[in-house]
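What follows is each chain in one-letter form.
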Amino acid sequence: MTLILEAVVLGVLTGGVYALMASGLTLIFGVMRIINVGHGALVVLGAYLSFALLRSFHMDPFLSLLLTMPAMFLLGVVLQFVFIRPLKTDREALSVLVTYALALGIEGALGYVFTANFVELRAWYETASFGIFGFHITWVYVFGFVLCLAILGALFLVLYRTAFGGAIRATMLNRTAAQLIGIDVDRVAAVAFGMGVATAAAGGVVFGITNAFNPGSHYDLISRLLTIIVLGGLGSLRGAVIAALIMLVTEDITQVLISPVWANFVFFVILVAILIVRPQGLYGLRVRERI
Amino acid sequence: MSALKVIGLVLVALVALLLPVYAPDPATTNKAVLTLMFVGLATAWNIMGGYTGYISLGHAAFFGFGAYSFGLMVIHLNVTPGYAPFLLVPVAGLLTASLAVGIGWIALRTRAATFVIVTIAFMFMLQLLGENLVTITGGGAGLSLPYAHEWGGDFFNIPYYYAMLALAVLAVVVSWWIRRSKFGLGLLAIRDDEDKALAVGVPTRGFKLTAYVISAVLVGMIGAVYGYYVTYLYPQFVFDPLVGISMVLMAFLGGLGTLSGPVIGAVLLEPAQLEFAYRFGASRLYLVFYAAVFLIVILLLPRGIVPSVADLLRSLRHRRLIGPSATAGGLGTVTRASGDEPPAAAQQGLAAP
């Protein structure tokens, strides 16, 4: 029983990180109707940037976010401008291929610079733990969870309490109507893409401390993140957060009750179940959106 | 069919049939086997992705499933290695069909973006099964297939070459037949507007599932021959996302929804990719090359080679018929120039030739 409880706690803590990464992905989909298959690769890129700063300047991984998040934001704006904006027709299908290509390019470039060996972000909180109610919780999970809560909170504040956030939400609801009332949807799209990529950097740091990673790690990540946003309903931030928590808690419980090798499989089982019962996901809209 | 086309087809057939006779060295035949494999894969993928517009990035699921089901049959039925195992390739295709019906039934409840995601997810699901069902598949340690010891030296690749050739031709013939049939017309209608197609009486669900299964069966059979060819199966190398994306890229490069497009795309890209992987494989730089080709194709040539060239030829022919004075200006030019423009639908990325 304690094992299961511990699994739930750990699931919620890691779920926070996945919620952050998935909300970036679903935000990008919501605003631009594109699926960023390169999101996993951007997470891995964020982890490697922090890794490089740690190796060269001994910079604390969490502290290095102050540098990497703005850098990744800019990268996102540039990527959006160069690769996504030129897609005029059949954007949905072509964008999947373009972002897939970006993922391969990032994987190849990272493999060239850092080799395919697995690395890990090392910090004192990676192994140090504290006891509470008889559980042992490693500090990094707590730090990561707090960080993700803070960034998610900031994201929701921007979206729901600022005029620009209103513009983003308007674009998500109806792009043409948003354009008609004078919203610069191209700028909204660029900023939203940048924000999504910046969250990938933050997720990458926590991912990099809690997992050993190499340039090929993005395949595993993206298949999980995509499953989460489909479960939550494409384009729904609330859905992404809740779906991430459901997925990770179930995964950790499976790990305890059945076996670690099947934990990953739970993701797909839940996905299949949700598609049979509710193809639009938890908070998704029905076919009207053609999703 | 014009005489020029017939001559062209005969020439292609002669080259394809005689290639191993004139260039029997294993390095060349290996490239040829893999190129033909992608001709078949891209053509098969195009039946679903090109005709119906449902982009599947997870066709590697069927490739790997075909390879594993074939390998397990050869091992457990104690088939003598040699030509006999090739008879099991259609059986592997049938098994793949049953899998495709299941996956298709679930995945085709969704459209567009969600469909793409679901196909990717199913591919990773099968990869994970391949790794976890250790007692059946051997897991990450791989599955070793028997191979014909008597096929030594230069000859080893040749049976596989003709097997791949046969499957590639089969894929092209099936694709050609579908393109001309009423079924194919229904698929194109689904691509253009699924709801309207349903409204005018196209049984969209059945058509989509049929196209998906046909496409998957061809991919599964090709996977089976590939498994026999490499003789060693690892989950991450047959349920390989790169295989899944390669066939898509080739179909896009040649021209989505065209008959010859995927063939041309595969013949252009696969040898280049093999050459690059051979030279820069260790540094993984070939992935960057691959990404660059991909991005250039989609951003500069979103409709693919075949439709673009067809348009160019059409406008050249037009100009010749009308004469050089047509470009001299005046009211007539304006109308004629707009006549040269392909119709709006054809300018979209998914246009038919």
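All figures in this text were calculated on a predicted structure; none of them were measured in a lab. (Residues numbered from 1 in each chain as written. Chains lettered and ligands numbered in written order. Predicted model: local features only at pLDDT ≥ 70, side-chain atom pairs only at ≥ 80, totals over all residues. Heavy atoms only, no water.)

Here we look at the overall build of chain A
In terms of regular secondary structure, chain A is built from eleven helices and two strands. When the elements of chain A are put in sequence order from the N terminus, they spell out α-α-α-α-β-β-α-α-α-α-α-α-α. Expected size for 291 residues packed as a compact globule is a radius of gyration near 19 Å; at 19 Å, chain A falls within 12% of this value. Across the 291 residues of chain A, 58% fall into the buried class. Put simply, of all contacts in chain A between residues at least 6 apart along the chain, 75% involve residues at least 24 apart. Positive and negative charge centroids in chain A, built from 16 and 13 side chains respectively, lie 13 Å apart. (Helix = DSSP H or I, 4+ residues; strand = E, 2+ residues; numbered from the N terminus. Rg over C-alpha atoms; globule rule 2.2 N^0.38 Å. Buried < 20%, exposed > 50% of the residue type's maximum accessible area, 1.4 Å probe, protein only. Contact = heavy atoms within 4.5 Å. Lys, Arg positive; Asp, Glu negative; His and termini not counted. Charge placed at Lys NZ, Arg CZ, Asp CG, Glu CD.)

Remarks on the overall build of chain B
Helices and strands together make up the secondary structure of chain B, namely 17 helices and two strands. Surface summary for chain B: the accessible area is close to 15,300 Å², and the carbon and sulfur share equals 70%. (Areas by Shrake-Rupley, 256 points an atom, 1.4 Å probe, with all protein chains shown as cover.)

A short note on the pattern of salt bridges
Pairing between side chains of opposite charge can happen when the charged atoms of each approach one another. All names here are of chain A. What the rule picks out here adds up to ten salt bridges over all chains. Taking the shortest distance from any N to any O, the salt bridge between Asp 186 and Arg 175 comes out at 3.9 Å. Placement of Asp 186 in helix H8 (residues 185-210) and of Arg 175 in helix H7 (residues 175-180) is noted, with a sequence separation of eleven residues between them. The residue Arg 224 makes a salt bridge to Asp 220 at a minimum N-O spacing of 3.9 Å. You can see Arg 224 and its partner Asp 220 sitting in helix H9 (residues 218-232), four residues apart, about one turn around the helix. With relative accessibility at 9%, the residue Arg 224 sits in the buried group. Taking the relative accessible area as the measure of exposure, Asp 220 reaches 39% and is therefore partly exposed. One network of salt bridges, in which partners are shared, links Asp 220, Arg 224 and Glu 251. (Salt bridge = Lys/Arg side-chain N within 4 Å of Asp/Glu carboxyl O.)

Some remarks on helix H10 (residues 204-230) of chain B
Residues and elements named next belong to chain B. A rise of 1.5 Å per residue sets the reference length of H10, with its 27 residues, at 39 Å; its end C-alpha atoms lie 39 Å apart and thus fit the reference within 8%. Extensive coverage of H10 is indicated by the burial of 20 of its 27 residues. Directly after H10, the chain includes Thr 231, whose backbone phi takes a positive value near 60 degrees. (Expected span 1.5 Å × (residues − 1).)

Concerning a nonpolar patch on the surface
All names here are of chain B. On the surface, Val 6, Ile 7, Val 10, Leu 11, Leu 14, Leu 17, Leu 18, Val 21, Tyr 22 and Tyr 162 cluster together into a nonpolar patch covering about 960 Å² of accessible area. At nine residues, the largest contribution of residues to the nonpolar patch is made by helix H1 (residues 3-22). Residue position: Leu 18 is located in helix H1. (Patch = residues over 30% accessible without salt bridge, like charges linked within 9 Å, V, L, I, M, F, W, Y side chains within 5 Å.)

Topic: the environment of A:Ala192
Residue and element names in this part refer to chain A. Within the secondary structure, Ala 192 sits in helix H8. When the C-alpha atoms of Ala 192 and Ile 28 are compared, they prove to be 6.2 Å apart, with 164 residues separating the residues in sequence. Setting aside anything within four residues of it in sequence, one finds Ala 192 in contact with Leu 27, Ile 28 and Val 31.

Comments concerning the confidence of the model for chain B
All names here are of chain B. Per-residue confidence for chain B gives a mean pLDDT of 85; residues scoring 70 or more make up 90%. Mean pLDDT across the elements of chain B bottoms out in helix H16 (residues 331-340) (38) and peaks in H10 (95). pLDDT under 50 marks residues 326-353. Its contacts with residues more than four places away, or in other chains, come to 31 contacts. The ipTM value of the predicted complex is 0.82, and its pTM value is 0.85. (pLDDT = per-residue confidence, 0-100.)

Points about the interface of chain B and chain A
In this complex, chain B contributes 42 residues to the contact, which on the side of chain A involves 44 residues. Both faces considered, chain B and chain A share a buried interface measuring about 4,000 Å² in area, 82% of it formed by carbon and sulfur atoms. For chain B, the biggest contributors to the area lost against chain A are B:Ile117, B:Leu295 and B:Leu299; these three give 14% of the whole. The interface formed by chain B and chain A contains zero salt bridges. In this assembly, chain B and chain A are joined by three residue pairs in polar contact (both at pLDDT 80 or more). In terms of residue count, helix H5 (residues 112-132) of chain B provides more of the side of chain B that touches chain A than any other element does, 14 residues in total. When its residues are assigned to classes, the side of chain B that touches chain A shows 33 nonpolar, six polar and three charged. (Buried area = accessible area lost by both parts, 1.4 Å probe. Polar contact = N/O pair within 3.5 Å; in protein donor to acceptor, adjacent residues only side chain to side chain. Nonpolar A, V, L, I, M, F, W, Y, C, P; charged D, E, K, R; others polar.)

Remarks on the side chain of A:Thr68
All names here are of chain A. With respect to the element layout, Thr 68 can be found in helix H3 (residues 61-84). Thr 68 gets classed as buried once you look at its relative accessible area, which sits at 3%. Leave out the neighbours within four places in its chain, and Thr 68 touches Leu 49, Ser 50, Leu 53 and Ala 201.

Considering the packing of aromatic side chains
Throughout the structure, instances matching the rule amount to 30 aromatic pairs over all chains. Each ring, one from A:Phe51 and one from A:Phe114, has its centre 6.0 Å from the other, and the planes form 70 degrees; the classification is edge-to-face. Taken together, the residues span a long stretch of sequence, with A:Phe51 in helix H2 (residues 39-57) and A:Phe114 in helix H4 (residues 91-114) at a distance of 63 residues. Considering the side-chain rings of B:Trp151 and B:Phe156, the 6.5 Å spacing of their centres and the 65 degrees angle between planes classify their relative orientation as edge-to-face. Like B:Trp151, the residue B:Phe156 is buried in the burial classification. (Phe/Tyr/Trp six-rings, centres within 6.5 Å; stacked < 30°, edge-to-face > 60°.)

Some thoughts on the packing of H3(A) against H8(A)
Residues and elements named next belong to chain A. Orientation of H3 relative to H8, taken along the N-to-C sense of each, is 140 degrees, at an axis distance of 7 Å. Comparing their axes, H8 and H3 come out oblique. For H3 against H8, the interelement crossing comes out right-handed. Of the residues contributing to the contact of H3 with H8, the split by class is 21 nonpolar, four polar and no charged. (Axes fitted to C-alpha atoms, helices over the stretch in contact; angles between N-to-C directions. Parallel < 35°, antiparallel > 145°, perpendicular 65-115°, else oblique. Left-handed = near helix turned anticlockwise from the far one by under 90°.)

Considerations on the side chain of B:Ser69
Residues and elements named next belong to chain B. Its location among the elements puts Ser 69 in helix H3 (residues 60-76). Of note is the side chain of Ser 69, whose polar atom sits 3.2 Å from the backbone oxygen of Gly 66. Apart from residues lying up to four places away in sequence, Ser 69 is in contact with Ala 92 and Leu 95.

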